[in-house]
Amino acid sequence: MNTTWYKTRGESVHTSLKRFLLVYLGEPLTRLISGATGMAKLPLRSVYADGSRDPSKPTTGRLPNGDVINGTNSYKMLLPFFTSSSITPEELRSMGYKKLKALLGQVKELAQQYTGLHDNSAVVKFKQVLKSRDMFFNDDTFPANESGEEAFMKCADTKGARVFCPVRWKALKKWINITKHVS
């Protein structure tokens, strides 16, 4: 199957799946989530510290000038800036669900093509493939010292990455090598 796939698409099934998931699912969902998460639920009723709500510290729900915070209205005002259109939050949500439905149909079709199965078991099998270590460029999880703010600063360039983040560097080199063979 991989040979046939390569002949018709010019890339391996593995590469096609990664590209498809990144471009048509990952990127749109990341943009949607990062731009819209939680705005309608503002203001928070309590202060949060380290990801935990502290009910003993209620918020005022007001800006320093005394105006009441209204997350829904704020989101409506910010939306045109990030979309460069006059779309409403409701229209955007509807579009998102339509796109998600279409993408899920495509993912199901891809899963069936990849696995050769033609029922819901194709999706289950496909998820197993995507979660397998073969889909990653590193053999194990990255060490703690190669993650977080400090690692981000130390490993921001080639020299730093080689010295301070050798596991990440090895994974990056593996990724670079594979992308050289993608047409």
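Criteria and cut-off values
Residues numbered from 1 in each chain as written. Predicted model: local features only at pLDDT ≥ 70, side-chain atom pairs only at ≥ 80, totals over all residues. Heavy atoms only, no water. Salt bridge = Lys/Arg side-chain N within 4 Å of Asp/Glu carboxyl O. Buried < 20%, exposed > 50% of the residue type's maximum accessible area, 1.4 Å probe, protein only. Pairing = 2+ DSSP bridges. Helix = DSSP H or I, 4+ residues; strand = E, 2+ residues; numbered from the N terminus. Axes fitted to C-alpha atoms, helices over the stretch in contact; angles between N-to-C directions. Parallel < 35°, antiparallel > 145°, perpendicular 65-115°, else oblique. Contact = heavy atoms within 4.5 Å. Nonpolar A, V, L, I, M, F, W, Y, C, P; charged D, E, K, R; others polar. Core = buried A, V, L, I, M, F, W, Y, C linked by side-chain atoms within 4.5 Å.

**What about the pattern of salt bridges?**
If charged atoms from side chains of opposite charge come close, those side chains can pair.
Now for step 1: Taken as a whole, this structure holds two salt bridges when the rule is applied.
Now for step 2: Among the ionic pairs, Asp54 bridges to Lys57, the shortest N-O distance being 3.9 Å.
Now for step 3: Classification of Asp54 as partly exposed rests on a relative accessible area of 23%.
Now for step 4: When the shortest N-O distance is used, the salt bridge between Glu150 and Lys154 registers 2.9 Å.

**Details of the pairing of strand β2 (residues 52-58)**
Now for step 1: In this structure, strand β1 (residues 46-49) lies alongside β2, joined through four bridges in antiparallel fashion. What sits directly across from Tyr48, in β2, is Arg53.
Now for step 2: Taken together, β1 and the strand that follows it, β2, pair antiparallel across an intervening segment of two residues, in which Asp50 is found at a positive phi of about 55 degrees.

**Description of the packing of helix α4 (residues 89-115) against helix α5 (residues 121-131)**
Now for step 1: One can describe the packing of α4 onto α5 by two numbers: an axis separation of 8 Å at closest approach and a directional angle of 80 degrees. Between α4 and α5, the angle is such that the two are roughly perpendicular. In this structure, α4 contributes Val107, Lys108, Ala111, Gln112, Tyr114 and Thr115 to the contact, and α5 contributes Ala122, Val123, Lys125, Phe126 and Val129.
Now for step 2: When its residues are assigned to classes, the contact of α4 with α5 shows seven nonpolar, two polar and two charged.

**Looking at the nonpolar core**
Now for step 1: By size, the foremost hydrophobic cluster in this structure holds 10 residues: Trp5, Val13, Leu17, Phe20, Leu21, Val107, Leu110, Ala111, Ala122 and Phe126.
Now for step 2: Breaking this core down by element, the ones donating at least two residues are α2 (13-36), α4 and α5.
Now for step 3: Considering every element that reaches this core, the biggest residue donor is α2, with four residues.
Now for step 4: Not counting chain neighbours up to four residues away, the residues in contact with Phe126 comprise Leu17, Val107, Ala111, Tyr114 and Thr115.

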